Amino acid sequence: MADGARSLRGSGGGSGGGSPASSPVLGGRGRAAAGGSSPPGHAFRRVTLTKPTFCHYCTDFIWGLAGYQCEVCNFMSHEKCLKNVKIPCSCIAPSLVRVPVAHCFGPPGLYKRKFCAVCRKSLESPGFRCEVCELHVHTDCILFACSDCRQCHQDGHLDHDTYHHHWREGNLSSSARCEFCKKTCGSSEVLSGMRCEWCGILAHAACCVIVPPECTFGRLRNMILPPSCVQLFSRNFSKLHCFRISENLQTESDEDDDVDGSTQGSTKDIQISTDSSKQTLKIFDGNDAVKRNQFRLISVPRIAKNEEVVEAALRSYYINDDQQEYELQTFTQQVLLSDDVINRNDAAEDSNLGSVFRESVPEAWIIRAKPKDEEVIRIYPAWLKVGMAYVSLRVNKDSTVQSVIKEVLPLLGRQTECLQNFKLVEVLMGSKQVQRMVLDNQEPILNRLKDIRKTSIRQMNQTRFYIVENSKSIVQVNLFVGGLPPQLSPEEYTNILKEELAIKTNVVSVSHVYQAQGAVVLQISCFSEAERIYMLVKDTVVNDKPLNAVVIPAVMASKIPQNCCPLLVFVNPKSGGLKGRDLLYSFRKLLNPHQVFELTNGGPLPGFHTFSKVPSFRVLVCGGDGTVGWVLGALEEIRHKLVCSEPSVAILPLGTGNDLGRVLRWGAGYSGEDPYSILVSVDEADDVLMDRWTILLDAEEPAEGAENGIAEPEPPKIVQMNNYCGLGIDAELSLDFHHAREEEPGKFNSRFHNKGVYVKVGLQKISHTRNLHKDIKLQVDQHEVELPSIEGLIFINIPSWGSGADLWGSESDNRFEKPRIDDGLLEVVGVTGVVHMGQVQGGFRSGIRIAQGSYFRVTLLKPIPVQVDGEPWIQAPGQIIISAAGPKVHMLKKSKQKQKKTGSLKEMKVDSTSVSEGGRKGETCVHTYGRYHPGPGKPSADKS
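Nothing here was measured: the structure is a model prediction, and the numbers come from that model.

Asks: Would you mind showing me how to read the overall build of the protein chain here?
Replies: Helix and strand counts for the protein chain come out as 20 helices and 44 strands. When burial is assessed residue by residue, the protein chain has 56% of its 944 residues classed as buried.

This is the structure we're talking about:
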């Protein structure tokens, strides 16, 4: 939008803007005038330093006893740096947000060496972290954090296809360097330095103004699912539900609605003063704070004047308005405890208080805005695709919503259009939720402002008014429901949902059915019905099996760029000593959170369904070999419903054995490598093929405990194999390990401990006799094979067994072909016992080569332990048939070549896509509110 009259029109790109109300001064006593140009929103005061202090602008130590500190946000600066400060104060941060997007806060935790984005102080006590953009805040600062999270999908509000850099300030490593001046921009002492949360580029606050505004997502741009391609209507769902973040992480934060910003957090800086010359006061900012008993503490001199106390109260709520526009009202503790506190408060509203301190000092005060006959408001046009412009309009007691719309339209060049085609929407930009309300055309606008301020002056600072074109809103919520009985018809699933969930068929329809998995996707055209079904599913059991529900986005495949191959990430948080939790967070930060799925929340199917229309994508599985097999099995079942029916699969090994990860060069196990480097390796990996095998288990003996005394054989069972299948001693050790883990699952949280248990159970079997060859018969490609004296028989598909051992061996043998993972053949190897297995794993021996083929029949003459890819059980006498399982699967093998170096300044100037690899390691980030560029089934823990 072109700039108009400065008194009427402004831009969100700076604090000055053109608005008459753009940057009021918070008092004038002792403040620094930095060369005539006031830093954005700050109220600097010269202070005496009593401890080592660093400048938040240049990060250098402040020598001497004097520095300049913002009285609102605690920004500390050298005197020489004041004129260069570009970081806006927390009090004006809400006014600089381009597109309001609420944060997704997890449970409170201790985050070392991190700084709060609101008060800029260290997070020494438990604080909150956004799971999507890594904003860090104190518990009592969370209410003052503005809604400036990453926009990861389109939701029908302020949608656009062009994405600009999403800058966040600070929490960078001390070695982080600016992409432009090459000087250090990070600090471990203060909140300093900028980073784009999409492309990862690093810069000083002063340097990032020269960055081209449009962001093309950096080095990982071909792997990121563009936000403009994702649609999710989520009005009634929390951010945790939208991003499928497990609610079991919310053990402490479920009750934080009445905790955030309340009494226990507000004492962070202000302790009850023992100085007789000072007084500690409770300050409420409106009726809502009184109702919730959420207050801030301030400490002021006992001889302070009324305006000085008002100024201190405003600062505690991060308000930078003129204190002359506000007043304090008192109420006693008895009023606080009264059920009619709000009415009592309002009754005293017009009282004239005079001096704050009288003979009897009250415990608590309410800060109120004085009534006005007219004021200036900002109106933001919602149809702008880029930028964040607004129109400033002066309103009085006669102004209604309709008259405001009538005055605003000509200023926006829409004077020829009908007033009835527009509406005024009030938007509350809370840190946890962005709330929208359409205002009635006849409502006096001044009365509305008065009501908001009476409720909370903090909320007034976070409220905007948008002029929006009337359009028929389309509501479509996609809800994945799993845990249903398999192999039913769509009508039968609909009847079950009607019976158990009482769904309303006029607004709910079954759009997809996955019969083999017992799952459906519901398309719901009513927000309240979608929320009701989602909450009801959690407590619903069908056939003794609990249902599960997942909110899934709609991916608009037609908008995905041609060269984009998004990465679908599955993480098993139970694998790898619980390192999966950290990886979930890291991948949500580096990619679009909508492409990261937690396997404990509905399994792989919701992820594959979300990507079913994507023409080309890859898969990253974070877990052990059991998790990889689970995902590959789900892929095989749903392949025919995918546009990209053969996606390549990469592995981040988190289990104990990780044999498939070793073969594909992904390593023996994850040990804390940089997640960004892992994604780059996936992008550069080579595509290879791998055989998969089907195992048919046909027990001939009847099952025990049959009803009515009539014994029937167990029905045939089919399992899939990727790595190996073992019979005898190998499977027996796995079974004993499995039982030990079931008894004490909490102890099995590290690979070292798991392997120690393997050794223990192995020593207990060391005296077993070699008689497995007497209990089984083997047929390979229709030919009987005589077995030697062995204790274990193992069929191997990959050249790694038992945590990296080469069971087949490397010696050449003219009887057999050299094994490959895509040769369509399995190798059959025998072991003579536990000692032999230990020698193989130590590299001293190899197994006994028995056969090589593509079709196997094993006859069991007695119950024998069997394990397939680490999943053990006792198999009854009968037949085991092993054969190739359809088409080969595409896997990603880590390339031997070194990663390409990226992040040059030249490349950045060309396409604004480079990412400094070093800038990604171990860094976290906090945001500058976009002011510089206005513009647009259950998994088990993995076994070896």
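Asks: I tried to follow the sheet that holds strand β35 (residues 776–780) on my own but got confused; where do I start?
Replies: Read across the sheet, 6 strands follow the order β33-β32-β43-β40-β35-β36 without closing on themselves; strand pairing throughout is antiparallel. A strand with exactly one partner marks an edge of an open sheet, and here the two such strands are β33 (717–721) and β36 (783–785). Put simply, the sheet's adjacent strands are angled 20° from each other on average, direction ignored. Direction of pairing for strand β32 (residues 693–699) relative to β33: antiparallel, over a ladder of 5 bridges. Each residue of the ladder has a partner; that of Leu696, found in β33, is Ile718.

Asks: Is there a simple way to think about the environment of Val619 in this case?
Replies: Within the secondary structure, Val619 is located in strand β29 (residues 618–623). Along the backbone, Val619 and Ser648 are 29 residues apart, and their C-alpha atoms lie at a distance of 6.1 Å. With near-sequence residues (within four places) excluded, Val619 lies in contact with Leu567, Leu568, Phe570, Phe608, Pro647, Ser648, Val649 and Ala650.

Asks: Any chance you could explain the pairing of strand β22 (residues 519–524) here in plain terms?
Replies: Summarising burial for β22: 5 of the 6 residues are buried, a large majority. Bridging between strand β20 (residues 477–482) and β22 involves 5 bridges; their strand directions are antiparallel. If you follow Phe480 over to β22, its bridge partner there is Val521. In this sheet, β22 lies alongside strand β21 (residues 508–514) in antiparallel orientation, the contact comprising 6 bridges. Note on β22: the bridge partner recorded for Tyr514 is Ala519. Where β21 folds back onto β22 in an antiparallel hairpin, the turn is made up of 4 residues, including Gly518, whose phi is positive at roughly 65°.

Asks: Sorry, what's going on with helix α12 (residues 580–590) here?
Replies: Note: α-helices contain 3.6 residues per turn, so residues at a spacing of three or four share the same orientation. The element α12 is largely enclosed, with a buried count of 9 among its 11 residues. Here α12 has its buried residues at Gly580, Leu583, Leu584, Tyr585, Ser586, Phe587, Arg588, Lys589 and Leu590.

Asks: Even after reading the chapter, I still don't get the nonpolar core, so can you show me in this structure?
Replies: It is characteristic of soluble globular proteins that their nonpolar side chains tend to be buried jointly. Ranked by internal contacts, the top residues of the largest apolar core, which has 143 residues, are Val137, Phe587, Phe608 and Leu620. Look past the residues within four positions of Phe587 in its chain and what remains in contact with it is Val569, Val571, Val596, Leu620, Cys622, Leu652, Pro675 and Leu679. One finds Leu479, Leu488, Val513 and Val551 within the second-largest nonpolar core, a separate group that totals 29 residues.

Asks: I tried to follow the sheet that holds strand β8 (residues 194–196) on my own but got confused; where do I start?
Replies: Judged by pairing direction, the sheet is antiparallel, and its 3 strands sit side by side in the order β7-β8-β9 without closing on themselves. Since the sheet does not close on itself, it has two edges, and those belong to β7 (167–169) and β9 (202–203), each with one partner. As judged from the 3 bridges shared by β7 and β8, these two strands associate in the antiparallel manner. In the sheet register, Trp167 faces β8, and the bridge partner there is Cys196.

Asks: When you look at the packing of α12 against helix α16 (residues 675–684) in this model, what are you seeing that I'm missing?
Replies: A packed helix pair is summarised by two numbers, namely the angle formed by the two axes and the spacing between the axes. Two numbers describe how α12 lies on α16: the axes approach to 10 Å, and their chain directions differ by 65°. Classified by the angle between their axes, α12 and α16 sit roughly perpendicular to one another. The crossing of α12 and α16 is right-handed. Seen from α12, the contacting residues are Leu583, Ser586, Phe587 and Leu590; seen from α16, they are Pro675, Tyr676 and Leu679.

Asks: For this particular structure, what's the right way to read the pattern of salt bridges?
Replies: Side chains that carry opposite charge are capable of pairing whenever their charged atoms lie near each other. Under the criterion given, the structure shown has 30 salt bridges. With a closest N to O distance of 2.7 Å, Arg120 and Glu169 form a salt bridge. Of this pair, Arg120 sits in the loop between β4 (76–77) and β5 (127–129) while Glu169 sits in strand β7, placing them 49 residues apart in sequence. Residue class for Glu169 comes out buried when judged on its relative accessible area of 4%. For Glu311, the salt bridge is made with Arg315, and the minimal N-O distance between the two is 3.7 Å.

Asks: Even after reading the chapter, I still don't get the confidence of the model for the protein chain, so can you show me in this structure?
Replies: Close inspection of predicted coordinates is inappropriate for parts of the model with low pLDDT. Looking at the protein chain as a whole, its pLDDT mean stands at 80, while 78% of the residues score no less than 70. Within the protein chain, the lowest mean pLDDT, 37, falls on helix α6 (residues 341–347), and the highest, 96, falls on strand β27 (residues 567–571). Here residues 333–360 scores under 50 on pLDDT; set against residues more than four positions off or in separate chains, the count is 40 contacts. Here residues 899–944 is a poorly scored stretch, pLDDT under 50, and it has 195 contacts once near neighbours within four places are set aside; other chains count.

Asks: Honestly, helix α14 (residues 625–638) in this entry has me stumped. Any pointers?
Replies: Taking 1.5 Å of rise per residue, the 14 residues of α14 would be expected to cover 20 Å, and the 20 Å separating its terminal C-alpha atoms lies within 8% of that figure. In terms of burial, α14 is a largely internal element, 10 of the 14 residues being buried. Regarding α14, the residues found buried are Asp625, Thr627, Val628, Gly629, Val631, Leu632, Gly633, Ala634, Leu635 and Ile638.

Asks: Just to check I follow, could you spell out the pairing of strand β34 (residues 724–728) for this structure?
Replies: Within a regular strand, side chains alternate between the sheet's two faces. Across the 5 residues of β34, 5 count as buried, placing the element largely inside the fold. Relative to strand β41 (residues 864–868), β34 runs antiparallel, the two being bridged by 3 bridges. Bridging across to β41, Gly726 finds its partner in Gln867.

Asks: Can you help me understand unusual backbone geometry in this one?
Replies: Both trends apply: most residues other than glycine have a negative phi, and most peptide bonds are in trans. In the Ramachandran plot, Arg113 falls in the positive-phi region, its phi being about 60° despite a non-glycine side chain. With respect to the secondary-structure elements, Arg113 resides in the loop between β4 and β5. With a relative accessible area of 56%, Arg113 lands in the exposed category.

Asks: Even after reading the chapter, I still don't get the state of the cysteines, so can you show me in this structure?
Replies: Inspection of every chain in the model, using the stated rule, returns 0 disulfides. Here Cys55 stays unpaired: no disulfide links it, and the sulfur of Cys58, its closest cysteine neighbor, is 3.7 Å away.

Asks: What is the right way to look at the side chain of Asn722 in this model?
Replies: Here Asn722 is to be found in the loop between β33 and β34. Setting aside its immediate chain neighbours within four residues, Asn722 contacts Gly629, Leu632, Met690, Asp691, Arg692, Asn797, Ile798 and Asp869.

Asks: Hey, could you run me through the packing of aromatic side chains in this one?
Replies: Two measures describe an aromatic ring pair: the distance that separates the ring centres and the angle between the ring planes. Summed over the entire model, instances satisfying the criterion amount to 17 aromatic pairs. A ring pair is formed by Phe144 and Tyr318, whose centres lie 5.1 Å apart and whose planes are at 50°; its orientation type is tilted. Linking Phe144 in the loop between β6 (136–138) and β7 with Tyr318 in the loop between α4 (306–316) and β13 (326–331), this pair joins segments that are 174 residues apart in sequence. Just as Phe144 is buried, Tyr318 falls in that class too. Judged by centre distance (6.4 Å) and plane angle (45°), the rings of Tyr163 and Phe217 are tilted. In this pair, Tyr163 is assigned in the loop between β6 and β7 and Phe217 in the loop between β9 and β10 (230–231), connecting sequence segments 54 residues apart. For the pair Tyr163 and Phe217, one class covers both residues: buried.

Asks: Teacher, can you tell me more about the side chain of Asp285 here?
Replies: Its place among the elements puts Asp285 in the loop between β11 (278–284) and α3 (287–292). Buried and without a salt bridge, Asp285 has Arg458 as its closest oppositely charged side chain, separated by 4.3 Å. In this structure Asp285 touches Tyr317, Ile367, Arg453, Thr455, Ser456, Ile457 and Arg458, once residues within four positions along its chain are discounted.

Asks: Whenever I open this one, the environment of Glu811 confuses me. Can you help?
Replies: Counting through the fold element by element, Glu811 comes out in the loop between β37 (792–796) and β38 (826–831). Linking Glu811 and Ser846, residues 35 residues apart in sequence, is a C-alpha distance of 9.4 Å. In this structure Glu811 touches Ser846 and Arg849, once residues within four positions along its chain are discounted.

Conventions and cut-offs
Residues numbered from 1 in each chain as written. Predicted model: local features only at pLDDT ≥ 70, side-chain atom pairs only at ≥ 80, totals over all residues. Heavy atoms only, no water. Helix = DSSP H or I, 4+ residues; strand = E, 2+ residues; numbered from the N terminus. Buried < 20%, exposed > 50% of the residue type's maximum accessible area, 1.4 Å probe, protein only. Pairing = 2+ DSSP bridges. Axes fitted to C-alpha atoms, helices over the stretch in contact; angles between N-to-C directions. Contact = heavy atoms within 4.5 Å. Core = buried A, V, L, I, M, F, W, Y, C linked by side-chain atoms within 4.5 Å. Parallel < 35°, antiparallel > 145°, perpendicular 65-115°, else oblique. Left-handed = near helix turned anticlockwise from the far one by under 90°. Salt bridge = Lys/Arg side-chain N within 4 Å of Asp/Glu carboxyl O. pLDDT = per-residue confidence, 0-100. Expected span 1.5 Å × (residues − 1). Disulfide = S-S within 2.5 Å. Phe/Tyr/Trp six-rings, centres within 6.5 Å; stacked < 30°, edge-to-face > 60°. Lys, Arg positive; Asp, Glu negative; His and termini not counted.

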